[in-house]
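The chain contents come next:
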Protein chains: 4
Amino acid sequence: MTDVLKIGDREFSSRLLVGTGKYKDFTETREAIVASGAQIVTVAVRRVNIGQNANEPSLLDALPMKEFTYLPNTAGCYSADDAVRTLRLARELLDGHDLVKLEVLGDQTSLFPNMPETLKAAATLVKDGFKVMVYCSDDPIQAKMLEDIGCVAVMPLASLIGSGMGILNPWNLQLIIDQLKVPVIVDAGVGTASDAAIAMELGCDGVLMNTAIAKAQNPVLMAGAMKKAVEAGREAYLAGRMPKKFYSASPSSPTTGLIGS
Amino acid sequence: MTDVLKIGDREFSSRLLVGTGKYKDFTETREAIVASGAQIVTVAVRRVNIGQNANEPSLLDALPMKEFTYLPNTAGCYSADDAVRTLRLARELLDGHDLVKLEVLGDQTSLFPNMPETLKAAATLVKDGFKVMVYCSDDPIQAKMLEDIGCVAVMPLASLIGSGMGILNPWNLQLIIDQLKVPVIVDAGVGTASDAAIAMELGCDGVLMNTAIAKAQNPVLMAGAMKKAVEAGREAYLAGRMPKKFYSASPSSPTTGLIGS
Amino acid sequence: MTDVLKIGDREFSSRLLVGTGKYKDFTETREAIVASGAQIVTVAVRRVNIGQNANEPSLLDALPMKEFTYLPNTAGCYSADDAVRTLRLARELLDGHDLVKLEVLGDQTSLFPNMPETLKAAATLVKDGFKVMVYCSDDPIQAKMLEDIGCVAVMPLASLIGSGMGILNPWNLQLIIDQLKVPVIVDAGVGTASDAAIAMELGCDGVLMNTAIAKAQNPVLMAGAMKKAVEAGREAYLAGRMPKKFYSASPSSPTTGLIGS
Amino acid sequence: MTDVLKIGDREFSSRLLVGTGKYKDFTETREAIVASGAQIVTVAVRRVNIGQNANEPSLLDALPMKEFTYLPNTAGCYSADDAVRTLRLARELLDGHDLVKLEVLGDQTSLFPNMPETLKAAATLVKDGFKVMVYCSDDPIQAKMLEDIGCVAVMPLASLIGSGMGILNPWNLQLIIDQLKVPVIVDAGVGTASDAAIAMELGCDGVLMNTAIAKAQNPVLMAGAMKKAVEAGREAYLAGRMPKKFYSASPSSPTTGLIGS
C-alpha cells in the first residue's frame, strides 16, 4: 500500500473520514460507517456518550476503539476556552488519546468557524501535547498559520456545516493545498458523491463528512457511494486527467492550468 | 443483480461504456478497458480494423466479441447516407450484429452533431432492423423525436467530443431524462471522474467516454477511477442525497428541487 | 453613431429588444418599454391586439409604429404551418411589414424550440419575402443552417422562456457567435441585469427579453437597469477586458481564452 | 437623490470606487476616473506621490481633493504596524483627512489579506480617530468583528487582487451582507462589467476596482461600462428580479431564495 494518508505519525488507507451524529441509532451509525470504509470517526464529545454517562449506551460499544481511530471534536464550542476544556475531557475519557479535531464556531446560525479563537485554541492544544486536526475557513493565510502552529492536519470547509452545498470556492482550496505540507482535508459542505470526488481531484488529502451520509434517504447506500467517490477522485488525481479544451481540434489547451485540469 | 442497464432487450451490470480509440496500442486498450469494467465497447468502423483489413491486427483479437458487446459507430460521418452505409458494412463484418451507435457530425472543428441528418439516418436504420443508440445534442425535443423513431438509447453530449469540459448544461439533460423512457447515456465531454459522477447523479442511465481515459497520463488508473465514479454517482442517485440548504439551521431548503438536490 | 446593430438593412442604436406581454396594462407596457430604450418591440400576434379586433384597445396606440419597429412573433405556434400562417396575417395587419420573429415551440411545458419545424418555416418565410429573425436552440450547426437559409438574425435561447435562469451554456453561444455573420441575439432566459451584461460580453449583438422586465417587482426600474446592463456589457466587450489570472503575480494567464476573458 | 451610499457621515451618489494605480500616466488616470463617475478614489500611499516628493508630479494635481474624496490605502503593508504608520503619514500629508482604506496583506503572491493583523490594525486606527474602510476576506464572522471594532465599511474580496476572476463565493458575501449594518463593498477581483453588476445584485453597497479598468485594452471605455454596470446592478437589486424557475410553466419556483433570485 503506497498511497497512504499520513496524519502525524499515523497512517491510513482510507481517505474518507466520517462523523457519527445524526443517525437513527447506533446500529445505523455502525452500518453506514462500515459501508463507508472509514478508519477515522469523529465524535462530538458534548453530544455523544463516550463514557461520560456510565449507565447509557456508549458509542464505544458500536464502534470499538480497536477497530476505529477516534477523533473527538468540539462541535458546539464557541470559544477557545470551551474547546480546550472539551478536548482535555475527551483525552481523559479515552485514556490519553491525543488525536483530536478542533472546531470553534462563530455563531449558531452559520456554524462558520471563529478563526481568532481557533488560532488561540490550536496554539494551546499543540503546546499541551495534542495532535490537532483543525476545522477552519478556506483562508489560505490562516490555514498556513495553523500549520505553523503545529497542527497535524488542516480542514477547511467546502461550504457551511450541514448545508450540502458542495465546494463553493475551489480556488481558495487550491491555494491552501499548494502552500501546506500537512494534509488538507475538506471538512463540511459535501452533499453528494461528486462533491467528494471534486475535492479529491483538486488534490485534497481526504474528505470528512457526516450529514451527507446520515441524512441521505438511504445512509448505508450513500456511505458506499462516498467510499467509491473518494477513491475515484483520488485515483483520477493520481492518474492525471486529460487537458480541457474548448474543442478537440483546438491547437492549444486554453483551459489548462485551471482547477481540475 | 437488480440495478441493471437495459438497452433494447440486452442487460448490463456496468453503466460505463467506453471507446477503443486513441490508445498507444491494443494492449493498452485492453488493459484500460478491463480496468474500466465496461461491458460495451464502441468502435469507429472507419478507423479501427474489425476485419476490413484481413492481414492486420484486429481489435476483435484484443477485445473478443464473446467478452464484450460491440457498438460499432459512425465517427467521421457527416451525412445520413455515409452513416447508414458505414453501419451496414459493420453489420456485415460482425455477422449480423445489430446494436450500433449512430453519430452524424456537423463539422470537423466542433464535432457537434448534425441533428437533421441524425434524425434522417436514425429513421432509416431503425426501419432497417438496427438497434440504434444515437449521439445527439442536448435538445430535449429532438431527443424525444429520436425515441419516437425507435432508437433504443439516446446519447446527448455533455460537452464537445474530446473537450473534457464536463457537463455544461445539466438542465437540458434533466429535461431529457424527465421525458424519455429509453436509457439516456451521456456521450462526449466527460473529462474526469467527478464529471461521470455528476452525470449519474442527474439520473443518467450510463456514461460513454473515450478520451478521458485514453488521454489521461495513466489510462489504466483513470479507467478504474471512472468505474468507481460511475458506480458512486449511480449509488448516490439511488440513495437519495440530503437536501441542499444555504445553512444547516435554515428552516426550509430553498435549493430543493435544483439539479443534483 | 458607429456602433450600430444592423439587422437586414435596418439599423438600430439600441441592442435591447423587448417583448410586450405580461404587463398589467398598456400604460405599464409603454412606460417600461420607454425606460428600456428599446427600438424593436416584439408582439405575440396570437395574443395581443394589433388590429385583429377592431373594437378593442390596440397595442399600436400605446406603441405607435412610427416610434417603434415592430417584430410580430409566433408565440404559441407548434408547427411550421401555424407559424407561417400567423406571420402572413401579421404582415397583412401591419401593411406589408416584413420584419418578423419566428418561433416554433416543441411543447407547452418547456417552450423549447422545435428545430425541424423551425428550419422548415424559416425556409418558407424567407422565400416568401420575410426578413426572418429566428428563435432557436443553442445548437451551432442548426444556427448556421438558419443563417444559410437566409434568416437576418439568429436568436438562441439562454435558458427556457420565462425561466429567468440566465445563460446556461455560454460555450454553445460562443460557437454560434464565432461562426455566424448575421447578428446573434440572445432570446429567452435572461432574469436580471447581469445576465444581459454577460450575454453582451460574450459578443452577442443584442438581447431580447420580456418576463425579466414585466415580472420584476418594479418593471419600469428594471427596464432602466436592463438598458444600462446591455450597454455596459457591450462597452466592456468593445473595451477588451483584462485577462483573468489565478493570482496577480502569476507569470502567465492560465485562464486566457476562456469565456468572458 | 434618495439612493445614497452613506459611509460614516459622508454621502455619495456613486457606488463605484476606483483605484488610481496601473495607468499609463496621470492623464489616462484622470480620464478613466472621470468616465467612471467615481467620487471616491483610493491611492496607495507607498507608491503614489500625494506630496511625499515635493518636486514630482502629484496625483493631487490630476485629481484635486475638492473634486474627489480620497481614500489613502496601505497597499504593500504586511503587518499592522506598517499599515498604521502608513495611514498616519497619509493623514499628515492630507491635512488631517481621516477616511482611509486599511489593507494588511498575507503574502506577496496571493495578496490575500492577513486577517489577524487586519483586526489588530483596525482596532488601533479606530481608537486613533480614523474612519476605517477595511479590505478583508469573505469570512462572515471576522467581517462582523470588523464592524464591531467600529470600521465604517467592510470590503471583502470577490477574488484575489488583480486576478479579474469575478465573484468566486457569492454565498459568503450574502452572509456578510445579511449580518452587517455598515456598507459592504466588494473590493478586488472584479474583472468585467457583469462581475460588478452581480456584486450589486447580491445587495452589496458598492464596488471598488482598479485593474479591471486600468488594464482593459481601452480603460476609458471600460470605466464607462463599469459605471453603467454598477448602476444596472443596483437598480436591478432595487427593482426586485423575477423569480427563477426551471421552466415557465412550473407551478412553484424551486430556485427562489437562491443567490440572485
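Remember, it's a predicted structure, so these values are computed and weren't measured experimentally.

(A) Summary view of the overall build of chain A. Each helix and strand in chain A was counted, giving nine helices and 10 strands. Against the compact-globule benchmark of 18 Å for 261 residues, chain A has a radius of gyration of 18 Å, which places it among compact chains. If one aligns the C-alpha atoms of chain A with their principal axes, the spans along those axes are about 70 × 40 × 40 Å. Each of the 261 residues in chain A was classed as buried or not, and the buried ones make up 64%. Put simply, 63% of the contacts in chain A that link residues at least 6 apart link residues at least 24 apart. For chain A, the computed accessible surface area is about 9,100 Å², with 48% contributed by carbon and sulfur atoms. Positive and negative side-chain charges of chain A, numbering 25 and 29 respectively, have mean locations separated by a distance of 2 Å.

(B) The arrangement of the relation of the copies chain B and chain A in detail. With an axial shift of 0.0 Å and an RMSD of 0.0 Å, the rotation relating chain B to chain A amounts to 180°. In short, the pair behaves as if placed about a two-fold rotation axis. When you check the interface residues of chain B against chain A, 100% turn up at the interface there too, and the contact is symmetric in its surfaces.

(C) The arrangement of unusual backbone geometry in detail. A positive phi angle, near 55°, is found at Asp95 of chain C, a position not held by glycine. In this structure, Asp95 of chain C sits in the loop between helix H3 (80-93) and strand E6 (99-102). Of the residues examined, Asp95 of chain C reaches a relative accessible area of 75% and is grouped as exposed. One non-glycine residue with positive phi stands out, namely Leu111 of chain D, at about 55°. Among the structural elements, Leu111 of chain D can be located in the loop between strand E6 (99-102) and helix H4 (115-127). The class for Leu111 of chain D is buried, based on a relative accessible area of 17%.

(D) Here's a closer look at the UniProt feature "active site" (unreviewed entry) in chain A. All names here are of chain A. Taking the numbering used here, the UniProt-annotated feature "active site" (unreviewed entry) corresponds to Lys101. Position of Lys101 among the secondary structure elements: in strand E6 (residues 99-102). Take Lys101: its relative accessible area is 4%, and that puts it in the buried class. Beyond its immediate stretch of four places on either side in the chain, Lys101 contacts Thr42, Leu71, Pro72, Asn73, Thr74, Leu87, Met133, Tyr135, Met155, Asp187 and Leu208. Within the structure, Lys101 has its side chain in polar contact with the side chain of Glu103 (distance 3.1 Å).

(E) Representation of the interface of chain B and chain A in the model. Between chain B and chain A, the residue contacts involve 46 residues of the former and 46 residues of the latter. Where chain B packs against chain A, one counts four salt bridges. For Lys228 of chain A, the salt bridge identified is with Glu235 of chain B, shortest N-O distance 2.6 Å. At the boundary of chain B with chain A, the tally comes to 22 residue pairs in polar contact (both at pLDDT 80 or more). Counting only elements with at least two residues in the side of chain B that touches chain A, the list comes to helix H7 (193-202), helix H8 (211-214) and helix H9 (219-239) of chain B. If one sorts the elements of the side of chain B that touches chain A by residue count, H9 of chain B sits on top with 12 residues. Its residues assigned to classes, the side of chain B that touches chain A shows 22 nonpolar, 16 polar and eight charged.

(F) Local environment of the pattern of salt bridges. Applying the stated criterion to the full structure yields 64 salt bridges over all chains. Among the salt bridges present, the one from Arg91 of chain A reaches Asp128 of chain A, with a minimum N-O distance of 3.3 Å. A residue pair is termed long-range when its members are at least 10 positions apart, and Arg91 of chain A in helix H3 (residues 80-93) and Asp128 of chain A in the loop between helix H4 (115-127) and strand E7 (131-136) qualify at 37 residues. Note that Lys120 of chain B is salt-bridged to Glu117 of chain B, the shortest N-O span being 3.4 Å.

(G) Broad picture of the packing of aromatic side chains. Considering all chains together, one arrives at four aromatic pairs over all chains under this definition. Here the basic side chain of Arg91 of chain A rests over the ring of Phe130 of chain A, its NZ or CZ set 3.9 Å away from the ring centre.

(H) Representation of the packing of H3 of chain A against H4 of chain A in the model. All names here are of chain A. In the contact formed by H3 and H4, the axes pass within 8 Å of each other and the chain directions differ by 35°. For H3 against H4, the interelement crossing comes out right-handed. Within the contact between the two elements, H3 uses Ala80, Val84, Leu87 and Arg88 and H4 uses Glu117, Lys120, Ala121, Thr124 and Leu125. Residues of the contact of H3 with H4, tallied by class, amount to five nonpolar, one polar and three charged.

(I) Inspection of the pairing of strand E8 (residues 153-156) of chain B at higher detail. Residue and element names in this part refer to chain B. Side-chain alternation along E8 places Ala153 and Met155 on one buried face and Val154 and Pro156 on a second face that is also buried. Bridge count between strand E7 (residues 131-136) and E8: four bridges; the pairing is parallel. For Val134, the partnering residue across the bridge sits in E8 and is Val154. With helix H5 (residues 140-149) bridging E7 and its parallel neighbour E8, the resulting β-α-β unit is right-handed.

(J) The side chain of Ser14 of chain B, seen in detail. All names here are of chain B. Assignment of secondary structure puts Ser14 in the loop between strand E2 (10-12) and strand E3 (16-19). Assessed through its relative accessible area of 14%, Ser14 is described here as buried. For Ser14, the side chain forms a polar contact with the main-chain nitrogen of Leu16, separated by 3.1 Å.

(K) Representation of the pairing of strand E3 (residues 16-19) of chain A in the model. All names here are of chain A. Both faces of E3 are covered, namely the face carrying Leu16 and Val18 and the face carrying Leu17 and Gly19. Of the strand pairs in this sheet, E3 and strand E10 (residues 206-209) are connected by three bridges, and their pairing is parallel. Bridge assignment links Val18 to a residue of E10, and that residue is Met209. Judged from the two bridges that link them, E3 and strand E4 (residues 40-44) form a sheet pairing that is parallel. Looking at the pairing, Val18 lines up with Val41 of E4.

(L) Structural view of helix H1 (residues 26-36) of chain C. All names here are of chain C. Taken residue by residue, H1 has Glu28, Thr29, Ala32, Ile33 and Ser36 as its buried positions. The buried residues of H1 all sit within an arc of 125° when viewed along its axis, so they share a single face. At its buried positions, H1 is contacted by strand E3 (16-19), strand E4 (40-44), helix H2 (59-62), helix H8 (211-214) and helix H9 (219-239). A side-chain oxygen of the first residue of H1 lies 3.1 Å from the backbone nitrogen of Thr27; this N-cap is Asp25. Phi for Gly37, located one or two positions after H1, is positive at around 70°.

(M) Representation of helix H3 (residues 80-93) of chain D in the model. All names here are of chain D. The terminal C-alpha atoms of H3 lie 20 Å apart, and with 14 residues this matches the ideal 20 Å at 1.5 Å per residue to within 8%. Among the residues of H3, those classed as buried are Ala80, Ala83, Val84, Thr86, Leu87 and Ala90. Buried residues of H3, seen end-on, are gathered within an arc of 165° and therefore sit on one face of the element. H3 presents Asp81, Arg85 and Glu92 as exposed residues on the side facing more than 90 degrees away from its buried surface. Where H3 is buried, its residues touch strand E5 (69-73), E6 and H4.

(N) View of the environment of Asn53 of chain B. Residues and elements named next belong to chain B. Summarising the element assignment, Asn53 is placed in the loop between strand E4 (40-44) and helix H2 (59-62). Using a relative accessible area of 38% as the deciding quantity, one classes Asn53 as partly exposed. When the C-alpha positions of Asn53 and Lys245 are compared, they lie 59 Å apart, and in sequence the two are 192 residues distant.

(O) Quick peek at the packing of H4 of chain A against helix H5 (residues 140-149) of chain A. Residue and element names in this part refer to chain A. Their axes nearest at 9 Å, the elements H4 and H5 cross at an angle of 15°. With respect to H5, the axis of H4 lies roughly parallel. In the packing of H4 onto H5, the handedness of the crossing is right-handed. Contact residues: Met115, Thr118, Leu119, Ala122, Ala123 and Val126 in H4; Gln142, Met145, Leu146 and Ile149 in H5.

(P) Quick peek at the environment of Ile213 of chain D. Tracing the backbone through its elements, the reader meets Ile213 of chain D in helix H8 (residues 211-214). Distance from Ile213 of chain D to Val4 of chain D, taken between C-alpha atoms, is 23 Å for residues 209 residues apart in sequence.

(Q) Representation of the environment of Gly96 of chain B within the structure. As for its position among the elements, Gly96 of chain B is in the loop between helix H3 (80-93) and strand E6 (99-102). Considering only alpha carbons, one finds Gly96 of chain B and Phe130 of chain B, 34 residues apart in sequence, at a separation of 9.6 Å.

(R) Geometry of the state of the cysteines. Inspection of the entire model under this criterion finds zero disulfides over all chains. As a non-bridged cysteine, Cys151 of chain B has Cys136 of chain B as the owner of its nearest cysteine sulfur, 8.5 Å distant.

Rules used in this analysis
- Residues numbered from 1 in each chain as written.
- Chains lettered and ligands numbered in written order.
- Predicted model: local features only at pLDDT ≥ 70, side-chain atom pairs only at ≥ 80, totals over all residues.
- Heavy atoms only, no water.
- Helix = DSSP H or I, 4+ residues; strand = E, 2+ residues; numbered from the N terminus.
- Rg over C-alpha atoms; globule rule 2.2 N^0.38 Å.
- Buried < 20%, exposed > 50% of the residue type's maximum accessible area, 1.4 Å probe, protein only.
- Contact = heavy atoms within 4.5 Å.
- Areas by Shrake-Rupley, 256 points an atom, 1.4 Å probe, with all protein chains shown as cover.
- Lys, Arg positive; Asp, Glu negative; His and termini not counted.
- Charge placed at Lys NZ, Arg CZ, Asp CG, Glu CD.
- Least-squares fit on C-alpha atoms with pLDDT ≥ 70 in both.
- UniProt positions renumbered as here; feature names shortened; annotations may be inferred.
- Polar contact = N/O pair within 3.5 Å; in protein donor to acceptor, adjacent residues only side chain to side chain.
- Salt bridge = Lys/Arg side-chain N within 4 Å of Asp/Glu carboxyl O.
- Nonpolar A, V, L, I, M, F, W, Y, C, P; charged D, E, K, R; others polar.
- Phe/Tyr/Trp six-rings, centres within 6.5 Å; stacked < 30°, edge-to-face > 60°.
- Lys NZ or Arg CZ within 6 Å of the ring centre and 35° of its normal.
- Axes fitted to C-alpha atoms, helices over the stretch in contact; angles between N-to-C directions.
- Left-handed = near helix turned anticlockwise from the far one by under 90°.
- Pairing = 2+ DSSP bridges.
- Right-handed = clockwise from strand over helix to strand, strands pointing away.
- Arc of directions from axis to C-beta.
- Expected span 1.5 Å × (residues − 1).
- Parallel < 35°, antiparallel > 145°, perpendicular 65-115°, else oblique.
- Disulfide = S-S within 2.5 Å.

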